[in-house]
Amino acid sequence: MNAPETPHAAAQSEFRRLLRAQRVWDIDLPAFDPAKTPATPLALFHEWFAQAVAAGQPEPHTMGLATVDEDGLPDVRTVMLHDADEHGWHFASHASSAKGQQLAAHPRAALHFYWAAQGRQIRVRGRVTTAPHAESLADLHARSTGALAAALVGRQSEILDAYGELEQASAAAWERARAEPDADAPTWTLYVVDPEEVEFFQGEERRRHVRVRYWREGEGGDWVRELLWP
């Protein structure tokens, strides 16, 4: 007789069953003709973003941000896109946070968007610069009261001894944010990823995915487009 399955083994088996039962892109995927891509990745990003919104993609303005720490080990988290213009892709955080310290030491980053509603991904890599504090504050003050309150709490990535401390700090920050909508958050920083490489990925039901990569010829040079094998 076979020995009974242990609770751990049973849980692992159930996880694998659930994992393998999942399906990818069980939808009608949009066509993507690489011969009709615009000359710059920013133009295509704007077009795809509008299409993601129209397709009902939840939170299309969130993205993965990858950095490296002082030992060169990769780190990744989800952040919010604040803008995408001729200067690059914008996001914000505290300069004192883990990501802020990593970017100060190694000012390069990678971004990743995944829009499952259309089977699309976008990857961005480039050098990171910081905006002047006045510009960072203007960006923060243009957002919600909750965003300002969160920025005023600060201490991002620090050890939290008890959740009650966060509740108290948050309550005080919300009160200040309502009373002072132009309050200063000294470490709040707007970052800009100046793209050196941008890839657009369109899933295809027969796995003949379309990958178009843009890369610059030299610093500030023209964009070159090329197809990649999936």
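Everything in this summary refers to the structure shown in the same document. (Residues numbered from 1 in each chain as written. Predicted model: local features only at pLDDT ≥ 70, side-chain atom pairs only at ≥ 80, totals over all residues. Heavy atoms only, no water.)

### Digging into the side chain of Ser 136
Condition: Each helix is a run of DSSP H or I of at least 4 residues and each strand a run of E of at least 2, with the numbering of both proceeding from the N terminus. When accessible area is computed with a 1.4 Å probe and restricted to protein chains, residues below 20% of their type maximum are described as buried, those above 50% as exposed, and intermediate ones as partly exposed.
Of note, Ser 136 is situated in helix H4 (residues 133-141). In this structure Ser 136 comes out as buried when scored by relative accessible area, which is 1%.

### Looking at the environment of Thr 67
Selection criterion: By the criterion applied in these results, polar contacts are pairs of N or O atoms within 3.5 Å in which, for protein atoms, one can donate a hydrogen and the other can accept it, and in which residues neighboring in sequence qualify only through two side-chain atoms.
With respect to the secondary-structure elements, Thr 67 resides in strand S1 (residues 62-68). As for Thr 67 and Gln 168, which are separated by 101 residues in sequence, their C-alpha atoms are 31 Å apart. Polar contacts involving the side chain of Thr 67 include one to the side chain of Gln 102, which spans 2.4 Å.

### Things to note about the pattern of salt bridges
What counts is decided by this rule: Definition used for salt bridges: Asp or Glu carboxyl oxygen within 4 Å of a side-chain nitrogen of Lys or Arg.
Counted according to the given criterion, the structure contains 10 salt bridges. Taking the shortest distance from any N to any O, the salt bridge between Glu 196 and Arg 108 comes out at 2.4 Å. Placement of the pair is Glu 196 in strand S7 (residues 188-202) and Arg 108 in strand S5 (residues 108-115), with a sequence separation of 88 residues. Classification of Arg 108 as partly exposed rests on a relative accessible area of 38%. Across the salt bridge formed by Arg 213 and Glu 226, the nearest N and O atoms sit 2.7 Å from each other. Residue Arg 213 is found in strand S8 (residues 210-216), and its partner Glu 226 is found in strand S9 (residues 223-228); the two are separated by 13 residues along the sequence. Taken together, the shared-partner salt bridges connect Arg 123, Glu 199 and Arg 211 into one network.

### Thoughts on unusual backbone geometry
Located in the positive-phi region is Ser 157, a residue other than glycine, with phi close to 80°. Turning to its location among the elements, Ser 157 is positioned in the loop between helix H5 (145-153) and helix H6 (163-179). A positive phi angle, near 65°, is found at Arg 207, a position not held by glycine.

### Observations concerning the pairing of strand S2 (residues 74-80)
Under the convention used in this document: Two strands pair if DSSP finds at least two bridges between them.
Sheet analysis places S1 next to S2, joined by seven bridges and oriented antiparallel. Paired with Gly 64 across the bridge in S2 is Thr 78. Counting the residues between successive antiparallel strands, the hairpin from S1 to S2 contains five residues, one of them, Gly 72, with a positive phi of roughly 80°.

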